[in-house]
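Structure at a glance
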Amino acid sequence: MNENDYITQLKARWPRDCDASLETIALADEAVRVFPQSPRLWCIRGDLIQLGPECCPHSLDDAQECYQRATEIDPQFVEAWDSLGHFHNAVLDDEPAAQKFFCEAERLRGHHVA
């Protein structure tokens, strides 16, 4: 299976009106083991961890680390900066930190943010 196959499978299993299944999270774990340099897979894994059930073997800190890992792999990957911003805003309730990440995403998009 190639990287795009994993992305397609994970998107097809995306939770709708319920928690992410442990099987889907396990598939995301496998995907980043097989393709550890894929910022897109790291972001998907972080999103699924956030959407996981209470019994998820991963913590919200793990989700944050996924987004951080994606920015380390590809500092130009806008989706990772946006995800960090949403995580800090919605999960950590830290708007000032969130704004820094959102500003970086906008800068990368080529838009000026004051």
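First, a word on what this report is: a plain description of the structure on this page. Given the structure is predicted, the values throughout are model-derived calculations rather than measurements.

Right, let's get into the nonpolar core. Membership of the largest hydrophobic core comes to 29 residues, with the highest contact counts inside it found for Leu 10, Leu 41, Trp 42, Cys 43, Leu 48 and Trp 81. Counting residues per element, the ones that place at least two in this core are α1 (3-12), α2 (22-34), α3 (39-50), α4 (60-73), α5 (78-91) and α6 (95-109). Residues contacting Trp 81, with those up to four places away along its chain left out, are Thr 71, Pro 75, Phe 101, Glu 104, Ala 105 and Leu 108.

Counting through the fold element by element, Gly 52 comes out in the loop between α3 and α4. Residue classification places Gly 52 among the buried residues on the basis of a relative accessible area of 17%. Taking the C-alpha atoms as reference, Gly 52 lies 5.1 Å from Asp 19; in sequence the two are 33 residues apart. Every residue in contact with Gly 52, bar those within four places of it in the chain, is listed here: Asp 19, Ala 20 and Ile 25.

Another point: a nonpolar patch on the surface. A cluster of nonpolar side chains, namely Leu 60, Val 91 and Leu 92, defines an oily patch on the protein surface of about 210 Å² accessible area. For Val 91, the location among the structural elements is in helix α5.

It is worth spelling out the side chain of Thr 71 at this point. Along the chain, Thr 71 falls in helix α4. In this structure the side chain of Thr 71 is engaged in a polar contact, spanning 2.7 Å, whose partner is the backbone oxygen of Gln 68. Sequence-distant contacts of Thr 71, that is, excluding residues within four places in its chain, are made with Ala 80, Trp 81 and Leu 84.

Our focus in this paragraph is the packing of α3 against α5. Across the interface, α3 lies against α5 with an axial gap of 10 Å and an inter-helix angle of 20°. One finds that α3 runs roughly parallel with respect to α5. With respect to the hand of their crossing, α3 and α5 are arranged in left-handed fashion. Between α3 and α5, the contacting residues are Arg 40, Cys 43, Asp 47 and Gln 50 on the first element and Glu 79, Ala 80, Ser 83, Phe 87 and Val 91 on the second.

Conventions we followed
Residues numbered from 1 in each chain as written. Predicted model: local features only at pLDDT ≥ 70, side-chain atom pairs only at ≥ 80, totals over all residues. Heavy atoms only, no water. Core = buried A, V, L, I, M, F, W, Y, C linked by side-chain atoms within 4.5 Å. Buried < 20%, exposed > 50% of the residue type's maximum accessible area, 1.4 Å probe, protein only. Helix = DSSP H or I, 4+ residues; strand = E, 2+ residues; numbered from the N terminus. Contact = heavy atoms within 4.5 Å. Patch = residues over 30% accessible without salt bridge, like charges linked within 9 Å, V, L, I, M, F, W, Y side chains within 5 Å. Areas by Shrake-Rupley, 256 points an atom, 1.4 Å probe, with all protein chains shown as cover. Salt bridge = Lys/Arg side-chain N within 4 Å of Asp/Glu carboxyl O. Polar contact = N/O pair within 3.5 Å; in protein donor to acceptor, adjacent residues only side chain to side chain. Axes fitted to C-alpha atoms, helices over the stretch in contact; angles between N-to-C directions. Parallel < 35°, antiparallel > 145°, perpendicular 65-115°, else oblique. Left-handed = near helix turned anticlockwise from the far one by under 90°.

Coordinates in, geometry out; function isn't part of it.
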